[in-house]
Amino acid sequence: MAPPKLTDYERKRLENIRRNNEMMAALNVQSKASQLSNITKVVTKSYNVKSEKKPKTETPIVIRRSLRTRGIPPDSKGLDLYANSDSNAVTHNSPNKNDDFVQTLGPIPMKDAYKGVDDSDRSFIESLVRISDKEFSEEELNGHAKKMKIECSLELESLSLDPENIARVVPGRITQMGFCPSNDVKMVVAGNKFGDIGFWNVGQNEIFLYHPHQAPISGILFQPHCLSKIYTSCYDGLVRLMDAEKEIFDMVYNSDACIYALSQPKNEANCLYFAEGSGGLTVWDNRIGKSSSHWDLHESRINTIDFNPESPHIVATSSSDATACTWDLRFIGGGATKHTTLRTFTHKRSVQSAYFSPSGCSLATTSLDNTIGIYSGVNLEDQTSVYHDNHTGRWISTFRAIWGWDNSYLFIGNMKRGVDVVSTVQRATVKTLQSPHISAIPCRFYAHPYEVGMLAGATSGGQVYIWTSS
DNA sequence: GCGTTTCTTATACAT
DNA sequence: ATGTATCCAGAAACGC
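Residues numbered from 1 in each chain as written. Chains lettered and ligands numbered in written order. Predicted model: local features only at pLDDT ≥ 70, side-chain atom pairs only at ≥ 80, totals over all residues. Heavy atoms only, no water.

## Digging into the confidence of the model for chain A
With 73% of its residues at a pLDDT of 70 or more, chain A shows a mean pLDDT of 78. Confidence scores differ between elements of chain A, with helix α2 (residues 33-45) showing the lowest mean pLDDT of 26 and strand β25 (residues 402-403) the highest of 96. Within the model, the stretch residues 1-101 combines pLDDT values under 50 with 166 contacts to residues more than four positions away or in other chains. (pLDDT = per-residue confidence, 0-100. Helix = DSSP H or I, 4+ residues; strand = E, 2+ residues; numbered from the N terminus. Contact = heavy atoms within 4.5 Å.)

## A word on the environment of Ser376
Checked against the element boundaries, Ser376 lands in strand β23 (residues 371-376). Among the residues examined, Ser376 registers a relative accessible area of 26% and is labelled partly exposed. For the pair formed by Ser376 and His339, sequence separation is 37 residues and the distance between their alpha carbons is 23 Å. Ser376 has contacts with Cys361, Ser362, Glu381 and Asp382, leaving out every residue within four places of it along the chain. (Buried < 20%, exposed > 50% of the residue type's maximum accessible area, 1.4 Å probe, protein only.)

## As for the pairing of strand β22 (residues 363-367)
Consecutive side chains along a regular strand alternate between the two faces of the sheet. Burial of β22 is extensive: five of the five residues sit out of reach of the surface. Relative to β22, strand β21 (residues 351-356) runs antiparallel, the two being bridged by five bridges. Residue pairing across strands places Ala354 opposite Thr365, the latter belonging to β22. Taking the residues between adjacent antiparallel strands as the criterion, β21 and β22 are bridged by six residues, where Gly360 takes a positive phi near 85°. (Pairing = 2+ DSSP bridges.)

## A word on the sheet that holds strand β14 (residues 271-276)
Read from one edge to the other, the open sheet built from four strands follows the order β13-β14-β15-β16, with strand pairing classed as antiparallel. Single-partner strands in this sheet number two, and they are β13 (259-263) and β16 (290-296). Across the sheet, the mean angle separating the axes of adjacent strands is 20° when strand polarity is ignored. By the bridge criterion, six bridges tie strand β15 (residues 280-285) to β16 in an arrangement that is antiparallel. Pairing of Trp284 across the sheet is with Ser291, part of β16. (Axes fitted to C-alpha atoms, helices over the stretch in contact; angles between N-to-C directions.)

## Some points on the protein's contact with DNA strand B
Close to DNA strand B lie Arg168, Thr392, Gly393, Arg394, Trp395, Ile396, Met415, Arg417, Ala440, Ile441, Gly461 and Gln463. A breakdown of the atoms of DNA strand B within 4 Å of the protein gives sugar and phosphate a share of 47%. Contact distances for DNA strand B include 3.1 Å between a phosphate oxygen and a side-chain N or O atom of Arg168. For DNA strand B, a base oxygen lies 3.1 Å from a polar atom in the backbone of Arg394. By residue class, the composition of the surface near DNA strand B is five nonpolar, four polar and three charged. (Near = heavy atom within 4 Å. Polar contact = N/O pair within 3.5 Å; in protein donor to acceptor, adjacent residues only side chain to side chain. Nonpolar A, V, L, I, M, F, W, Y, C, P; charged D, E, K, R; others polar.)

This is the structure:
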């Protein structure tokens, strides 16, 4: 049933499949599972700058499983992701174009995931370990918090975008971003839809790119007391822990379902909370090395999980079921009974985010019904709705209003390449940050946890823009 | 409750 | 400056 005429796209794909088959034949690959991982490695290396070498992991665990169950398109995007990261790389080079793709479980050495020239990330890894050696005392962290509360008054007019604070950190669309929670080293980390993680050392203007995942990155989490450890979650169903000391992306959790969000209460480094599958919230306990709870909290996927900074047992979830909810983790309970929320915030369309303000007194939701919900009061009973066009379409990640450094402002992207600043007091958009240097729509944002006025915005083209307050 | 279809849309690269 | 290939997200509406 060959079509009478192939499109360029189809021709290119068939050509790539043929080339891969040749490559495999040349390598005399057998059909053992342990060697399937070598195939993926070879495919990976086919465009890498790195020299060919055998993976060091002895007999890596390899699984095959359905793409459909994990939200990855059937046409083998899983492997395609490798190729997409290079502008001239072949596309659609997957050898198996059906329902399965090959995925390596277990730890991935950082040098295998690294996409730059061999060993050129040495200084980066060492610097991560070095800054992480600096112990953070509880006092010191509280000091930060106190300082924040005093100095939080931000002059909006002082925010500016220095052309030096722009970089393409990853190829393709950024889905998640963060700042390294350090005063000394200004570093941005960004995850993209291909499963890449990019680090941008802003001061040194260096970028380091790794490929630990196979699908869009949904969460990036520095361990606050140990900056050399970074958790990542992904639509590929995996949670990994990048450990710069061990120089690996370790495997923490492996699900058949997508992981849509990742979070952690600040007082509980041993537990991870992530959004799994359609409405599930899973608690992972590092001390026992397995999940301690799994609750079905929503009718549809959970898009964000956010802990109240003042009451770590209070958590807010936002969901595509058109609600955001607050929960008390002490009373969520087990069993098949319907879990009771502290409060349910309803929208007309899916809710893309629900974040607590820095003081924990307010909650802000962003929904595809084109509103930003702002809730305050003792039980978050005072409700305000601010209109905001949240329609992004196919190529732009959904907008999410984030809090700045106090309870007064929210920041959210708009389709005109600007950043709308919403005042919670005036209940309206009061300013739009714009710059001729912005060449794409900033859709995901992150406020530096310690540096008031340092705001990073990420685009569909992999760029990160950092506004600073002079 | 599920699968299918439709619709929205920007970016980067080549010319 | 303009055209074009990407593409396969995510949601909603519809049908069963």
